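# Tertiary structure, described
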Amino acid sequence: MQGSSSQKRKRLDLVPSTGSLTDPERVLYNVIRSKKDMGIWTRDMKRETNLPDNVVNKALKLLQAKKLIKEVVNIQNKGRKHYMAAEFEPSKEITGGDWYSEGNLDVDFINLVKDLCLKHIMRQKVATLDGILEWSKKSGVFAVEFTTQQIEEILRALVLDDEIVEVKSTGFGDFASVPVGRVCYRCTSKGGSKGEPKAGAMASIPCGVCPRISSCTPDGIISPRTCAYYQKWLDF
Amino acid sequence: MVTQYGIKFAVHLITNHFGNLVAKVCEDLLRRGPLTLDQLIGFTELTKEQVKNSLLVLVQHNCVQAFILEKEDVGDDREGSKVNTQYLALLDNILHRLRFPKFLEIVSQDLDEECVELLEGLLRYGRLTLKQMVDRASQRKGNTSMMHELQNPVAIDVVRESLHKLLMVRYVERCPAPSPVVSSPVEKDTKKRGAKSKVANQVPETIEQHVLEAIVPVEGIRFSLMSNTEVIKSDDSPMTSEENFGKTTVIPIQEDSTLFHANFEEFIRRCRHKVLIENVRTRLDDEAATILGAILEATRTAEKKVKMENSVPLTLDTIFTEVVKTETGRTMTIDRVRSSLVQLGCPQRMLDDSYSIDLKKIIELARNEEVESIVLKRYGRDAYRMFRLLSKADRLLETDKIAESTFVEKRDAPKTLYKLWKDEYLHMEKLVVTAARQSKFLLWKVNKPILWDHVLDEMYHAALNLSLRLAYEQEKDAELLNVPKDKIVGQLQKRYKRLRNVWLLLESSLMKLDDALMLFHDF
């Protein structure tokens, strides 16, 4: 029950147009609108309104034509048809959150943001969450404004990528500008080439990445003597 | 825990070094646990002579230890009068054979060429008396300059001094008694070890551990050069090793039958220290690495076992003194040292201002890194991120939650997680909630101890494969190796070059993989 003031105003504006609706249309519209930014699945509508299928389908078409309702994609269940009153914007539960666009995870956008944040940290050597948030707002690199939570999510993903590490400032060297004990981020020092963590001993040989290792035996059909991966690896 | 491929790889090494018969005996001991000579003959279906000779080879090379289990007083058992010597295969020592070049490298860094020569002999022959070492050194000298006879007076002193040096730094020790009487383990349920007893890493002491602990000579004798008779003589007048050394030079050594062998424990400790220091260097910085190095060097002899969970506590003053002794630590201030100690995860101690570093944590991080790099290569970047999330969380997480935190499409996440679970990289639990609507959730977790055992087994498998492939490549081009060097031209030269590259790649990969084996098994 906490719709924003703009939504309330909109709703008032829309009320007159519902006057021209038939009974089933009005019943259906009220049910849909009562679900606000969560929307409702067609099956649930039918159950709640007790209207026959053909009536509901026809009413839905007409309501859509009158631009009173819209169809939305529900991230939880993309196969199900979901409808929502036109004045609402789908909630995070429906869209999947800030990082989703049209029901899909916006991977390109996320990677772009990650990349830019990473480059910023690289330049700064050491950066705090607040510092990165501030930079994201002031630098003008981004068209949208991020929340603290969003930047936090990006940083957490970069940590999981092993691109950056979370450390506590020691107050020495690169940390000189950060108060001792503050949590900050810095780029991972890697032995390997850029972006790739140092390959472990196991990951640098064919067996380490072999999907068939469990079927490999010294004298079996798959064996180190006949192994195709080895053949390729040792092809000088 | 002994893994299946650990045994296979060990048997492969023994086959390579000592042939099929010895390997057969060794395999039975590894698979069945300690056995008597009669039992061994029964299982292997070899003749008594064959088994005996195989055992002699294995004992000589420190791969098998004989022992007599002290009989409990169960009435007047007539069988009790018969001494039953049992033989125990030492899996770790067998695997150490792969590491001999690394051990020699350590000695060549720490000590002089004579010490390297001496250790080389000990590794080649398993165990030697001082006289045998002298003979070996004299012979080598005799070979190079035929003028001198076998009795080369210089060699005796040189060998004695080298041995003394090696004993001082604990790279060599006295062999345990040939077949000591060992009391029965306190926990009698060693046989009952089932799946349940594996809980929380508290595996009850195995017979192997028990025997190994029981046979180690007393600290004072273990690294002493004194002959056996002297040990008895000087029993009640404790002397420093320096004095001992001075004294023993006077006594003729020829009759002494004391056997010495390489002390693998110390070599593994050195390898572990190196790994700890290098990991700290990449994760933190050179200063932290220098400090950890200084601490480990100073407390080396105080370490009770290889797998020390925490470094031996030292006060800040002591640490600082040790740090400035090192070349890289000379310019550090005490504040810098203190701040690095905090970085190393040491909370400042109020009581006695002593610091102890969590070494187990560093090893754990190194293991994580190795496993994660396998996950990345085998399953891709999304899987890598999800695996790291679970590994860091160290608790059960739900599929959608994992997808959200790692920026993975919710519909893709279950597939990837399932693949990891199927290959035993993840643990999964199903949760059914019966509220208004019944819903099923999948929860995932990285179970580190179980995963590490699994990865270790895969690594042994991979090591065996590398070694088998090397043998196969050599066998394939066997005739090439017999061609005189000056005849290798044209097409032959191309093949020769390829073989050399293959050889180098396989050998170096095996050595690198062996570092990982040590990381998961010995550290």
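Residues numbered from 1 in each chain as written. Chains lettered and ligands numbered in written order. Predicted model: local features only at pLDDT ≥ 70, side-chain atom pairs only at ≥ 80, totals over all residues. Heavy atoms only, no water.

As recorded by an unreviewed UniProt entry, chain B carries the name DNA-directed RNA polymerase III subunit RPC3 and is attributed to Senna tora. Looking at the Sequence similarities (unreviewed entry) heading of the UniProt record, one finds this comment for chain B: "Belongs to the eukaryotic RPC3/POLR3C RNA polymerase subunit family." Note on chain B: under the UniProt heading Function (unreviewed entry), the record states "DNA-dependent RNA polymerase catalyzes the transcription of DNA into RNA using the four ribonucleoside triphosphates as substrates. Specific core component of RNA polymerase III which synthesizes small RNAs, such as 5S rRNA and tRNAs." (UniProt positions renumbered as here; feature names shortened; annotations may be inferred.)

The name that an unreviewed UniProt entry assigns to chain A is DNA-directed RNA polymerase III subunit RPC6, with the source organism given as Senna tora. Here is the UniProt Sequence similarities (unreviewed entry) comment for chain A, exactly as written: "Belongs to the eukaryotic RPC34/RPC39 RNA polymerase subunit family." Its UniProt record gives chain A the following Subcellular location (unreviewed entry) comment, quoted word for word: "Nucleus".

What follows deals with the overall build of chain B. A count of helical and extended segments in chain B gives 24 helices and 12 strands. Residues counted as buried form 48% of the 523 residues belonging to chain B. Taken as a whole, chain B presents about 27,300 Å² of accessible surface, with 53% of it coming from carbon and sulfur. (Helix = DSSP H or I, 4+ residues; strand = E, 2+ residues; numbered from the N terminus. Buried < 20%, exposed > 50% of the residue type's maximum accessible area, 1.4 Å probe, protein only. Areas by Shrake-Rupley, 256 points an atom, 1.4 Å probe, with all protein chains shown as cover.)

Residue and element names in this part refer to chain B. Spatial strand order, E4-E7-E5: three strands in an open sheet with antiparallel pairing. Either end of the sheet is taken by a strand with one partner, and the two such strands are strand E4 (128-129) and strand E5 (172-174). In terms of strand pairing, E5 meets strand E7 (residues 259-262) through three bridges, oriented antiparallel. Paired with Arg-174 across the strands is Phe-260, a residue of E7. The sheet contacts of helix H7 (residues 113-125) involve E4, E5 and E7, and relative to E7 the element is tilted by about 95 degrees. (Pairing = 2+ DSSP bridges. Contact = heavy atoms within 4.5 Å. Axes fitted to C-alpha atoms, helices over the stretch in contact; angles between N-to-C directions.)

Moving on, we get to the nonpolar core. Ranked by size, the top nonpolar core spans 139 residues in total, and within it Phe-9, Leu-341 and Tyr-425 of chain B carry the most contacts. By residue number, the principal contributor to this core is helix H22 (residues 448-476) of chain B, which donates 11 residues. Non-local contacts of Tyr-425 of chain B, meaning those with residues more than four positions away in its chain, are made with Val-371, Ile-374, Val-375, Arg-378, Tyr-379, Phe-387, Leu-420, Leu-451, His-454, Val-455 and Glu-458 of chain B. Among the nonpolar cores identified, the runner-up in size contains 25 residues, and Ile-75, Leu-118, Ile-132 and Phe-146 of chain A belong to it. (Core = buried A, V, L, I, M, F, W, Y, C linked by side-chain atoms within 4.5 Å.)

So, about the packing of aromatic side chains. Counted under the stated rule, the structure contains 14 aromatic pairs over all chains. Residues Trp-99 of chain A and Phe-407 of chain B carry aromatic rings whose centres are separated by 5.4 Å and whose planes lie at 80 degrees to one another, so their mutual orientation is edge-to-face. Placement of the pair is Trp-99 of chain A in the loop between helix H5 (92-95) and strand E4 (100-101) and Phe-407 of chain B in the loop between helix H20 (399-406) and helix H21 (413-422), with the two residues belonging to separate chains. The class of Trp-99 of chain A is buried, set by a relative accessible area of 6%. (Phe/Tyr/Trp six-rings, centres within 6.5 Å; stacked < 30°, edge-to-face > 60°.)

We now examine a nonpolar patch on the surface. Residues and elements named next belong to chain B. Residues Leu-431, Val-433 and Phe-441 make up a contiguous nonpolar surface patch of roughly 210 Å² in combined accessible area. In this fold, Phe-441 is placed in strand E12 (residues 438-445). Residue Phe-441 is classed as partly exposed on the basis of its relative accessible area, which comes to 30%. (Patch = residues over 30% accessible without salt bridge, like charges linked within 9 Å, V, L, I, M, F, W, Y side chains within 5 Å. Salt bridge = Lys/Arg side-chain N within 4 Å of Asp/Glu carboxyl O.)

Moving on: the sheet that holds E12 of chain B. Residues and elements named next belong to chain B. Spatial strand order, E10-E12-E11: three strands in an open sheet with antiparallel pairing. Of all the strands in the sheet, the pair left with one neighbour each is strand E10 (397-398) and strand E11 (427-434). Note: E10 against E12, two bridges, orientation antiparallel. Note on E12: the bridge partner recorded for Leu-397 is Trp-444.

A low pLDDT score tells you not to read the predicted coordinates there in detail. Residues and elements named next belong to chain B. Mean pLDDT over chain B works out to 84, with 84% of the residues at or above the 70 mark. Every residue in residues 146-150 is under pLDDT 50, and counting partners more than four places away or in other chains gives two contacts. Here residues 231-254 scores under 50 on pLDDT; set against residues more than four positions off or in separate chains, the count is 27 contacts. (pLDDT = per-residue confidence, 0-100.)

Our focus in this paragraph is unusual backbone geometry. Phi at Lys-36 of chain A is positive, roughly 50 degrees, even though this residue is not glycine. Take Lys-36 of chain A: it is sitting in the loop between helix H2 (23-34) and strand E1 (40-41). Taking the relative accessible area as the measure of exposure, Lys-36 of chain A reaches 23% and is therefore partly exposed. Of note, Glu-45 of chain B is a non-glycine position whose phi angle comes to about 55 degrees, a positive value.

Moving on, we come to the packing of helix H19 (residues 381-393) of chain B against H20 of chain B. All names here are of chain B. The interhelical angle for the contact between H19 and H20, taken along N-to-C directions, is 115 degrees, at an axis separation of 10 Å. The angle between H19 and H20 falls in the class roughly perpendicular. For H19 against H20, the interelement crossing comes out right-handed. Listed contacts from H20 to Arg-385, Met-386, Leu-389 and Leu-390 of H19 are Ile-402, Ser-405 and Thr-406. The class makeup of the residues in the contact of H19 with H20 is four nonpolar, two polar and one charged. (Parallel < 35°, antiparallel > 145°, perpendicular 65-115°, else oblique. Left-handed = near helix turned anticlockwise from the far one by under 90°. Nonpolar A, V, L, I, M, F, W, Y, C, P; charged D, E, K, R; others polar.)

Here is the key point about a regular strand: its side chains alternate between the two faces of the sheet. Residue and element names in this part refer to chain A. Alignment of strand E6 (residues 126-127) against strand E8 (residues 183-187), held across two bridges, turns out to be antiparallel. Paired with Val-126 across the two strands is Arg-186, which belongs to E8. Both strand E7 (residues 164-168) and E8 contribute to a ladder of five bridges, which runs antiparallel. Along E8, the bridge assignment pairs Lys-168 with Val-183.

The tally for this structure, following the rule as stated, stands at 54 salt bridges over all chains. Put simply, Asp-161 of chain A and Arg-381 of chain B hold a salt bridge, and the shortest N to O gap is 3.1 Å. Of the two residues, Asp-161 of chain A is situated in the loop between helix H8 (148-160) and E7 and Arg-381 of chain B in helix H19; the pairing between them involves two chains. Here Arg-381 of chain B falls in the partly exposed class, since its relative accessible area comes to 26%. The partner of Asp-522 of chain B in a salt bridge is Arg-99 of chain B, with the nearest N and O atoms 3.5 Å apart. One end of the pair, Asp-522 of chain B, is in the segment after helix H24 (490-521); the other, Arg-99 of chain B, is in the loop between helix H5 (91-96) and helix H6 (100-110), and 423 residues separate them in sequence. In this pair, the class of Asp-522 of chain B matches that of Arg-99 of chain B, namely buried. Sharing partners across several salt bridges, the network here consists of Asp-110, Glu-173, Arg-222, Glu-265, Glu-266, Arg-269, Arg-270, Glu-297, Arg-300 and Glu-303 of chain B.

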